[in-house]
Each structure stands twice: as structure tokens, then as C-alpha cells.
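# Per-entry structural report
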Amino acid sequence: MQTLTSSQIIALKAKLFRGFADSSRLSILNALRKGSLTVGEIVKVTGLSQSNASNHLGCLKDCGLVTRSQKGNFVYYQFSDERVATLLSLADELLADAAKGVYECTRYEASETQE
């Protein structure tokens, strides 16, 4: 891989965090913290529709956050790297301390509609 500039690295980090920013994808990632799951199991745990879960799993796979493996008739999804679980745990810890500010923040919603 070529050497990236600092602005390219920032752009890649922002792209990485967009993978976590969607509530459906975050729900799937949260479900996978307990271990590998099939799409059907993910649907049960998250309440997402099968097509929605499959679409977001495809996104997460394409972005390198999850992998899939075939076992008999079933396809199982799991984290591609245990650091995904670590990042989710760190987010839990940070949110426990910053929940009030995050809850009251209105700037994120305003910027999302402008993108």
C-alpha cells in the first residue's frame, strides 16, 4: 500500500467509523460480540428483516469488519478481527461517561441531513 497523507488517513478513519455509525450495522456488530451467528440468528437477535440484515452484512463484509464461513448448509458471520469487539467495548465505556452529552448533542443530526 502506498504511503498515505494525513488527510487521506483521516478520510479512511471517517469511512471506518461510518461502518459503525448506522444503527442496523451497529446492532449486527453488537450481536456478533457473543460469537459467530447465521443471518437467521442475527435477524432474531436484532429484529431486522432478513433482507436488511443481509444487505448490512454485505456492507460490513466488503468493508472488512466481518468475515463469513460456510459450515454445512449454514453461513456464519463473525468479526474479521477481535479489535472490532475491543472498539465496541471501548465505545461502551466512553458512552457510560459521556452519555448525557451525547444524548443532548444536536449537531450530529444536523450534519447528517446536509451530507
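This one's a predicted model, so the numbers in the text were calculated from it and none came from an experiment. (Residues numbered from 1 in each chain as written. Predicted model: local features only at pLDDT ≥ 70, side-chain atom pairs only at ≥ 80, totals over all residues. Heavy atoms only, no water.)

### Focus: the packing of helix α2 (residues 23-31) against helix α3 (residues 39-46)
At a minimum axis separation of 10 Å, α2 and α3 run at an interaxial angle of 110 degrees. Relative to α3, α2 is oriented roughly perpendicular. Of the residues in α3, those touching α2 at Ser27, Ile28 and Ala31 are Ile42, Val45 and Thr46. Looking at the contact of α2 with α3 residue by residue, the classes come out as 4 nonpolar, 2 polar and no charged. (Axes fitted to C-alpha atoms, helices over the stretch in contact; angles between N-to-C directions. Helix = DSSP H or I, 4+ residues; strand = E, 2+ residues; numbered from the N terminus. Parallel < 35°, antiparallel > 145°, perpendicular 65-115°, else oblique. Contact = heavy atoms within 4.5 Å. Nonpolar A, V, L, I, M, F, W, Y, C, P; charged D, E, K, R; others polar.)

### As for the packing of aromatic side chains
Using the criterion set out here, one finds 1 aromatic pair in the structure. Note on Phe17 and Phe20: the rings are 6.3 Å apart at their centroids and 50 degrees apart in plane angle, and the pair reads as tilted. Here Phe17 and its partner Phe20 are both found in helix α1 (residues 6-21), 3 residues apart, which amounts to about one turn of the helix. Judged by relative accessible area, Phe20 falls into the buried class, the value being 11%. In this structure, Lys71 packs its charged tip against the face of Tyr76, placed 5.1 Å from the ring centre. (Phe/Tyr/Trp six-rings, centres within 6.5 Å; stacked < 30°, edge-to-face > 60°. Buried < 20%, exposed > 50% of the residue type's maximum accessible area, 1.4 Å probe, protein only. Lys NZ or Arg CZ within 6 Å of the ring centre and 35° of its normal.)

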